[in-house]
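Reading the structure
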Amino acid sequence: MSIDATTATTTAPDPQQELPPHGIGASLPPSDARAKAEGTFPYASDLWAEGLLWAALLRSPHPHARIVSVDTTAAAEMPGVRAVVTHADVPGAATYGRTVADRPVFASDLVRHHGEAIAAVAADHPDTARLAAAAIAVEYEILEPVTDPERAFAAEALHPDGNLIRHIPLRFGDAEAAGEVVVEGLYRIGRQDPAPIGAEAGLAVPRPDGGVEIYTASTDPHTDRDLAAACFGLSPDQVKVVVTGVPGATGDREDPGFQIPLGLLALRTGCPVKLSATREESFLGHAHRHPTLLRYRHHADAEGRLVKVEAQILLDAGAYADASSESLAAAVSFACGPYVVPHAFIEGWAVRTNNPPSGHVRGEGALQVCAAYEAQMDKLASKLGMDPADLRLRNALATGDILPTGQTVTCPAPVAELLSAVRDFPLPALPKDSPEDDWLLPGGPEGAGEPGAVRRGVGYALGMVHMLGAEGTDEVSTATVKVHDGVATVICAAVETGSGFSTLARQIVQETLGIEEVHVASVDTDQPPAGPATHGRHTWVSGGAVERAAKMVRTQLLQPLAHKFGMSTELLQITDGKITSYDGILSMTVAEAMDGKELWATAQCRPHPTEPLDESGQGDAFVGLAFCAIRAVVDVDVELGSIRVVEMAVAQDVGRVLNPAQLATRIEAGVTQGVGAALTENLRTARGLVRHPDLTGYALPTSLDAPDIRIVKLVEERDVVAPFGAKAASAVPVVTAPAAVASAVRAATGRPVNRLPIRPQAAVAVPNS
């Protein structure tokens, strides 16, 4: 969720300097911030309707099993139960999926992961619904689960489409090239859950025309509508998805696996049906970050210049494909990091297993490889006897260089500038060896550690992400701007997930039309599509559409005046709600010029096209790139293995600062999420069974775990192909932070640290290190 972070440390304009009251460049607070902070904002879990029924799902207790029989008799006969649905009651497509329709609405013959939906119940009370779901008798034939992705290649097919989802062999340069210095490493990245704020919930209401309306916190409503309509056997215009208040999202917010059964029950009963998932159901049902196994070999010359990178990357997709193909493309493409590498040979695979499903989580693919290639850079620096920051600077990517995919970096790429900024930023003071400062120990004031066992480490990491969709994705968004009676309204199906789009849309209209009061309409699928809220696309594509529509309205407003005074519209400007001409002859307010008229315009924004990677992993697959450098400072108790992140110094390539406070908040949130991936967040499984699927067993970082985050530099070198020149802000610090923390722990302990999250035993120092 975006909040007004007026206390953020940033190199944005001096706080003493007066910012414009509104428009681009102002720290305009989100209009819904107060309601969300006070708990009065209407979320999906708060929805109500007359004659409401409650839904519950029956989920598999096994990760892999054959379904012998399902008996719903006892559940259907319970007082208060209005409907029970299974796979046999799905009138349309039995499977769904955003890229590959391989996931069943309800398991029919096989269960492929722990928590897979078997049936759904609607009843007049939530407790009745849950009891009825538990009363459904399912006979299983337990099968041996495939939980090791390396075994998936030779294992019996878990799905009719096979176990291999995608293989990308990237070939760049000379396979025979070799360096004077070679380092190797094996790395494992855990399963991070997006852990969305608030319950996943929804309300489905049947319509008189035989269709259904679904109210939920969707981040991609048009895709969700199309998936649901196909399963309902309805046309898309018979299904409407209305986006309710989104608490915040760092991935796919509401799994269609909740929405589709909800709609089926509403259609079956003819009544509104509500489902509010428990946290356990969320952990079992929605997609997580791909657990990844990575093998690397780096070659360098004696001066530390990279010669060749070889890597094998294996993504565990879980039971179904979801976003695994896109995640693998990002992992393979960015496997060498923001470094100049003349020769690269990368093999990437995404495979199905009986583990929990993996999918889109902020920075997917890029985070995993960043942790690995930065570990390799630390190994190279150690072997060469070089300073780790100097080694990185020697190989830093710049505008005009070529990625291993063969794509030329045409956008600003100030990688060396970013790294120099964090390296030169003053280090935090050392903790004192005294009882008064025991709160500085990694274990906290009640920790068992001794100050003499604490060592400080400083580490570096460089990260990169792509913006918008990739590999030929048709990115397009549509927006309408209306002005009447001095009030502007923006209509765009871009969902506000905490990225700040609603605030940005207001700023764009304020800047373009000089109208202070701007409202952003709520989102539903009656509006033209705007696409998913991922990869910073709403800042770029939807923001671009709003800007174009606002400029069209501006032209409508100014043309009559320009014609009347015999000048072009380019000679007129709108500032602080007043229209003036270059010569001062014309001066009137926007309200006077409107004279009661209603003006409106609709526009689209579509970035330049990309292309899929070919059979050698080559192609112009990305619209744009964003970069980040982080220096982490950690204190490690080398006897207990406990870690405290003291400070994260961040320098980021942002293109242009559109809202200083909001940007600082996004970066700080991204860094904190990355710290969680580095130290605590891992949804653990045992033979495919999710262990402790709750917020007690899954350790999210709290405010007490968040380090001091110093935004030491924001490089504003505008990307000329992006509206406003701005770049995506929140994903790249998530990608970079875990690698920086791991690098600092290596520096403190002398241990290799080849697994995330970092286990305590991996932070215990080697003797004499």
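Residues numbered from 1 in each chain as written. Predicted model: local features only at pLDDT ≥ 70, side-chain atom pairs only at ≥ 80, totals over all residues. Heavy atoms only, no water.

1. Brief notes about the overall build of the protein chain
For the record, the criterion: Put simply, DSSP marks the helices as runs of H or I at least four residues long and the strands as runs of E at least two long, and each gets a number from the N terminus on. Exposure categories follow from relative accessible area, calculated using a 1.4 Å probe and restricted to protein chains: below 20% of the type maximum is buried, above 50% is exposed, and the middle band is partly exposed. Contacts are assigned to residue pairs that have any heavy atoms within 4.5 Å of one another. Each accessible area is a Shrake-Rupley estimate made with a 1.4 Å probe; only the visible protein chains count as cover when residues are assessed.
When helices and strands are tallied, the protein chain shows 15 helices and 31 strands. Reported as C-alpha extents along the three principal axes, the dimensions of the protein chain are approximately 80 × 80 × 60 Å. Looking at the protein chain residue by residue over its 769 residues, the buried ones come to 61%. Looking at the protein chain alone, contacts between residues at least 24 apart form 79% of all its contacts between residues at least 6 apart. When the accessible surface of the protein chain is totalled, it reaches about 29100 Å², and 50% of it is carbon and sulfur.

2. Section: the sheet that holds strand E23 (residues 578-581)
Definition in use: The rule for pairing is simple: two strands pair if DSSP sees at least two bridges between them. Axes, fitted as lines to C-alpha atoms, cover a helix only where it is in contact. Angles between the N-to-C directions of the axes lie from 0 to 180 degrees.
Read from one edge of the open sheet, 3 strands run E22-E23-E24, paired in antiparallel fashion. The sheet is open, and its two borders are formed by strand E22 (572-575) and strand E24 (587-589), each paired with just one other strand. If you compare each strand with its neighbour and ignore which way they point, the axes differ by 25° on average. Two strands pair when backbone bridges link them, and E22 and E23 are joined in this way by 4 bridges, in the antiparallel orientation.

3. Regarding helix H5 (residues 256-269)
Spacing of three or four residues puts side chains on the same side of an α-helix, whose turn is 3.6 residues. In plain terms, the rule: Expected helix span is computed as 1.5 Å times (number of residues minus one).
End to end, H5 covers 20 Å across 14 residues, agreeing with the expected 20 Å (1.5 Å per residue, within 8%). Buried within H5 we find Pro256, Gly257, Phe258, Gln259, Ile260, Pro261, Leu262, Gly263, Leu264, Leu265, Ala266 and Thr269. Just past H5, the residue glycine 270 takes up positive phi, approximately 75°.

4. So, the packing of helix H4 (residues 221-232) against H5
The test is simple: Orientation labels follow simple angle bins: below 35 degrees gives roughly parallel, above 145 gives roughly antiparallel, 65 to 115 gives roughly perpendicular, and whatever is left gives oblique. Each crossing gets its hand from how the near helix is turned against the far one by less than a right angle, where anticlockwise is left-handed and clockwise is right-handed. Here the term charged refers only to Asp, Glu, Lys and Arg, the term nonpolar to Ala, Val, Leu, Ile, Met, Phe, Trp, Tyr, Cys and Pro, and the term polar to all other amino acids, Gly among them.
Interaxial distance between H4 and H5 falls to 10 Å at its minimum, and their mutual angle equals 45°. On the basis of the axis angle, H4 is oblique to H5. Handedness of the H4/H5 crossing: right-handed. Contact with H4, carried on its side by Asp224, Leu227, Ala228, Cys231 and Phe232, involves Pro256, Gln259, Ile260, Gly263, Leu264 and Leu267 of H5 and no other residues of that element. Residues of the contact of H4 with H5, tallied by class, amount to 8 nonpolar, 2 polar and 1 charged.

5. Let's talk about the pairing of strand E3 (residues 81-85)
By the criterion of burial, E3 is predominantly enclosed, with 4 of the 5 residues buried. Judged from the 4 bridges that link them, E3 and strand E7 (residues 117-123) form a sheet pairing that is antiparallel. From the neighbouring strand, valine 81 faces E7, where its bridge partner is alanine 123.

6. Some words on H4
An ideal rise of 1.5 Å per residue puts 16 Å on 12 residues; H4 measures up with 16 Å between its terminal C-alpha atoms. Here H4 lies mainly inside the structure; 9 of its 12 residues are buried. Of all the positions in H4, only Pro221, His222, Asp224, Arg225, Leu227, Ala228, Ala229, Cys231 and Phe232 are classed as buried. Those residues of H4 hidden inside the fold are in contact with strand E4 (95-96), strand E12 (212-216), strand E13 (239-243) and H5. At the C-terminal side of H4, glycine 233 shows a positive phi close to 70°.

7. Overview of the side chain of arginine 362
The line we're drawing: Charge assignment in this entry is limited to Lys and Arg as positive and Asp and Glu as negative, and neither His nor the chain termini are counted. A side-chain nitrogen of Lys or Arg and a carboxyl oxygen of Asp or Glu constitute a salt bridge if their distance falls within 4 Å. For this analysis, a polar contact is any N or O atom pair within 3.5 Å, provided that within protein one partner can donate a hydrogen and the other can accept it, and provided that sequence-adjacent residues contribute only side-chain to side-chain pairs.
As for its placement among the helices and strands, arginine 362 is situated in the loop between strand E17 (343-351) and helix H8 (366-384). The charged side chain of arginine 362 is buried without a salt bridge, its nearest counter-charge being glutamate 364 at 8.5 Å. Polar side-chain contacts of arginine 362 include one of 2.9 Å to the side chain of glutamine 673.

8. Concerning the sheet that holds strand E6 (residues 110-111)
Pairing between the strands of a sheet is mediated by backbone hydrogen bonds and can be parallel or antiparallel. Spatial strand order, E6-E2-E8: 3 strands in an open sheet with antiparallel pairing. Of all the strands in the sheet, the pair left with one neighbour each is E6 and strand E8 (137-142). Across 6 bridges, the pairing between strand E2 (residues 65-71) and E8 is antiparallel. Across the sheet, serine 69 pairs through a bridge with glutamate 139, a residue of E8.

9. Looking at the pairing of strand E16 (residues 306-316)
Consecutive side chains of a regular strand alternate in pointing toward one face of the sheet and then the other. Heads up, the rule is: When the strands point away from the viewer and the path from the first strand over the helix to the second turns clockwise, the crossover is right-handed.
Counting buried positions over the 11 residues of E16 gives 9, a clear majority of the element. Linking strand E15 (residues 292-300) back to E16 in an antiparallel pair, the connection comprises 5 residues, with glycine 304 at a positive phi of about 95°. As judged from the 9 bridges shared by E16 and E17, these two strands associate in the parallel manner. The residue bridging valine 309 from the neighbouring strand is alanine 344, located in E17. The handedness of the E16 to E17 crossover, carried by helix H7 (residues 324-333), is right-handed.

10. Re the packing of helix H14 (residues 660-679) against helix H15 (residues 731-749)
H15 packs onto H14 with a crossing angle of 45° between their chain directions and a minimal axis gap of 7 Å. Here H14 is positioned oblique relative to H15, judged by the angle of their axes. Crossing geometry of H14 relative to H15 is assigned as right-handed. Each of Ile667, Gly670, Val671, Gln673, Gly674, Val675, Ala677, Ala678 and Leu679 in H14 lies in contact with H15, whose residues at this interface are Pro733, Val734, Ala737, Pro738 and Val741. Taken together, the residues of the contact of H14 with H15 break down into 11 nonpolar, 3 polar and no charged.

11. Some points on the pattern of salt bridges
Note on pairing: side chains with opposite charge can pair once their charged atoms come close. Summed over the entire model, instances satisfying the criterion amount to 35 salt bridges. In this structure, the salt-bridge partner of aspartate 224 is arginine 98, at a minimum N-O distance of 2.7 Å. Residue aspartate 224 is found in helix H4, and its partner arginine 98 is found in the loop between E4 and strand E5 (103-104); the two are separated by 126 residues along the sequence. Exposure remark for aspartate 224: the relative accessible area of 2% places this residue in the buried category. For glutamate 310, the salt bridge identified is with lysine 308, shortest N-O distance 4.0 Å.

12. Section: the environment of aspartate 237
With respect to the secondary-structure elements, aspartate 237 resides in the loop between H4 and E13. Owing to a relative accessible area of 60%, aspartate 237 belongs among the exposed residues under this scheme. For the pair aspartate 237 and aspartate 526, spaced 289 residues apart in sequence, the C-alpha separation works out to 8.4 Å. Within the local environment of aspartate 237, its side chain forms a polar contact with the side chain of serine 235, the two groups lying 2.3 Å apart.

13. Structural notes on the packing of aromatic side chains
Selection criterion: Each Phe, Tyr or Trp ring (for Trp, its six-membered ring) is paired with any other whose centre lies within 6.5 Å, and the angle between the two planes then decides the class: stacked below 30 degrees, edge-to-face above 60, tilted in between.
Applying the stated criterion across every chain, the model contains 6 aromatic pairs. Centroid distance tyrosine 339 to tyrosine 373: 6.2 Å. Interplanar angle 85°. Geometry classified as edge-to-face. Within this pair, whereas tyrosine 339 is found in the loop between H7 and E17, its partner tyrosine 373 is found in helix H8, the two being separated by 34 residues in sequence. Overall, tyrosine 339 belongs to the buried group, its relative accessible area being 2%. With a relative accessible area of 1%, tyrosine 373 lands in the buried category.

14. With respect to the confidence of the model for the protein chain
Do not read the fine detail of predicted coordinates wherever pLDDT is low. For the record, the criterion: A residue's pLDDT is the confidence the predictor assigns to it, expressed on a 0 to 100 scale.
When pLDDT is averaged across the protein chain, the result is 89; 94% of the residues are at 70 or more. Considering only residues more than four positions removed or in separate chains, one finds that residues 1-20, a stretch of pLDDT under 50, has 35 contacts.

15. Looking at the environment of glycine 348
Locating glycine 348 in the fold gives a position in strand E17. The class of glycine 348 is buried, set by a relative accessible area of 0%. Taking the C-alpha atoms as reference points, glycine 348 and alanine 329, 19 residues apart in sequence, are found 8.2 Å from one another. The contacts of glycine 348, once residues within four sequence positions are left out, are Arg166, His167, Ile168, Ile313, Leu328 and Val332.

16. Considerations on the side chain of threonine 525
Within the fold, threonine 525 resides in the loop between strand E21 (518-520) and helix H12 (537-565). The class of threonine 525 is buried, set by a relative accessible area of 6%. Polar side-chain contacts of threonine 525 include one of 3.0 Å to the backbone nitrogen of valine 241.

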